[in-house]
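# Descriptive analysis of the structure
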Amino acid sequence: MDKTAQIWLKRIRSSNKPAYLLIADLIAEDVRSGRLAARDRLPTLRELADYLELNYTTVARGYAEARKRGLIDSRAGMGTFVRGATPGLTLRGGSGAEMTMNLPPEPHDPALIARLRDSAAQVMVQSDWYDLLRYQDFGGTRDDRAAGVQWLRRRLPLCAVERVLVCPGIHAALTALVSLLARPGELICVESLTYPGIKAIAAQLGVQLHALPLDDDGPSADAFEHACRTLKPRALYCNPTLLNPTTATITRARREALADVALRYAVPIIEDDAYAMLPRDTPPPLATLAPALTYYITGLSKCFGAGLRSAFVHAPGPRQAERLAGALRATTVMCSPVTNALATRWITDGTADAMLDAIRGESVFRQSLATRHLGRHAMRAHAEGFHLWLPLSSDWSMVEFASYLRAQGVGVVASAAFSTDGTPPDAVRVCLGGPMSRDDCDIALRLIADTLEHPLQPHSTVM
């Protein structure tokens, strides 16, 4: 460090820039030039103050600025080390290295893109455009509902067209269902970590959420029964397959236990199975265990693309489907007939199957990258899913971790966004999809791993 300190001292003496900022600049320059390498130990604050003929506070501010820029780590009892030049990513208009929105990956497959384009062109050429531009009855045309049945029968072999509604996305269906089943001030049971959309819907409608504790098998059936006895919930909402955020799937035994409680207390079930088509092997839906109570929802946004706002609800019976259609009509008027026409064509001509296979394959590849970089950090994931759950060590709080990564160009979501019981664990959800390339995904995952392995001490800069 003696030679480096002489260079730094000369630069500080000749510059009008505040010395603490110049210290951070000099560290950055030396990392770029190779004079400082990753893991190099830097002098203590007092040593550097002596080398540079500065006071202790100025040097402390310099190290604090360098930490803020992600250049160095300070570890209690170990000293200060260079982080090195881990590549950063530029956030691109809410996507790019934004690993926050849970989007499916976009497979780089020219033949598949050509198939999408050609199939869509056929819809445009063959459709009666005045018909597509008119108001239509809610729930989709007969052809749209038949396509919905074809899609749903992967999970519900006995689904019936008169109980199926085509909706403008799962979120719209959830909004209508919550408004149908619960009045303001009434209560719905949910997992203690759950899809943030249901939290927003409940807040908008004035409906209370009662958190059910989670274990490895899913939400507690005992806690659900206790709530049914004492609180009289209006529904149970759950995301049973690849739970957003934890990626957990409720076991068959726990599904049976939850269905048994719901049947004994006549509590409707809202089964949000948005990710159900991704895994090749999953337990049977709650809708097959309690068909007279369950509204089963799935769609195309998580296994095709978020812009394809088509979802399907299978209601417990024709009467419930009619009531839900009324609630949906009040909130959304109708689905877009143009979107429905595309979704119906892609389901019936096999394009949706091809896209699902491609997304599943791309997810497997990206999860292999995640395992390579984060597997030793207790991450939770499913090989055929496109998000992961990352518990944090005591070196980081979830907010500090997410904030630091965002400053490096990688967006992740802190667990507080998913918590319904007010006690979120220190963890983040990371999405591997969206328009990120494989290379961008690899860089982002390496940056996350490096941040975990060489944590900052955010509070050590406070004097």
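Structure report, in brief. (Residues numbered from 1 in each chain as written. Predicted model: local features only at pLDDT ≥ 70, side-chain atom pairs only at ≥ 80, totals over all residues. Heavy atoms only, no water.)

For any pair of aromatic rings, the description consists of the separation of the ring centres together with the inter-plane angle of the planes. Counted under the stated rule, the structure contains 3 aromatic pairs. Centroid distance Phe304 to Trp346: 5.0 Å. Interplanar angle 20 degrees. Geometry classified as stacked. Taken together, the positions of Phe304 in the loop between strand 13 (294–299) and strand 14 (311–314) and Trp346 in helix 14 (residues 337–348) put the pair 42 residues apart, joining distant regions of the chain. Arranged with centres 6.2 Å apart and planes meeting at 80 degrees, the rings of Trp389 and Phe418 form a pair that is edge-to-face. Of this pair, Trp389 sits in strand 16 (residues 387–391) while Phe418 sits in the loop between strand 17 (413–414) and strand 18 (427–431), and the two are 29 residues apart along the sequence. Residue Trp389 is classed as buried on the basis of its relative accessible area, which comes to 6%. Directly above the aromatic system of Tyr20 lies the positively charged group of Arg61, at a separation of 3.9 Å from the ring centroid. (Phe/Tyr/Trp six-rings, centres within 6.5 Å; stacked < 30°, edge-to-face > 60°. Helix = DSSP H or I, 4+ residues; strand = E, 2+ residues; numbered from the N terminus. Buried < 20%, exposed > 50% of the residue type's maximum accessible area, 1.4 Å probe, protein only. Lys NZ or Arg CZ within 6 Å of the ring centre and 35° of its normal.)

What follows is about the sheet that holds strand 18. The strand order across the open sheet formed by 4 strands is 15-16-18-17, and the pairing between neighbours is antiparallel. Looking at which strands have only one partner, the edges of the open sheet turn out to be strand 15 (380–381) and strand 17. As defined by bridge partners, strand 17 adjoins strand 18 across 2 bridges and the pair is classed as antiparallel. When the bridges of strand 18 are listed, Val413 appears paired with Arg429. (Pairing = 2+ DSSP bridges.)

A few words on the packing of helix 8 (residues 170–181) against helix 9 (residues 196–205). Close contact between helix 8 and helix 9 brings their axes to 10 Å; oriented N to C, the two are set at 40 degrees. The angle between helix 8 and helix 9 falls in the class oblique. Classified by chirality, the crossing of helix 9 by helix 8 is right-handed. Residue-level inspection shows His171, Leu174, Thr175, Val178 and Ser179 of helix 8 in contact with helix 9, the latter providing Gly197, Ile198, Ile201 and Leu205. (Axes fitted to C-alpha atoms, helices over the stretch in contact; angles between N-to-C directions. Parallel < 35°, antiparallel > 145°, perpendicular 65-115°, else oblique. Left-handed = near helix turned anticlockwise from the far one by under 90°. Contact = heavy atoms within 4.5 Å.)

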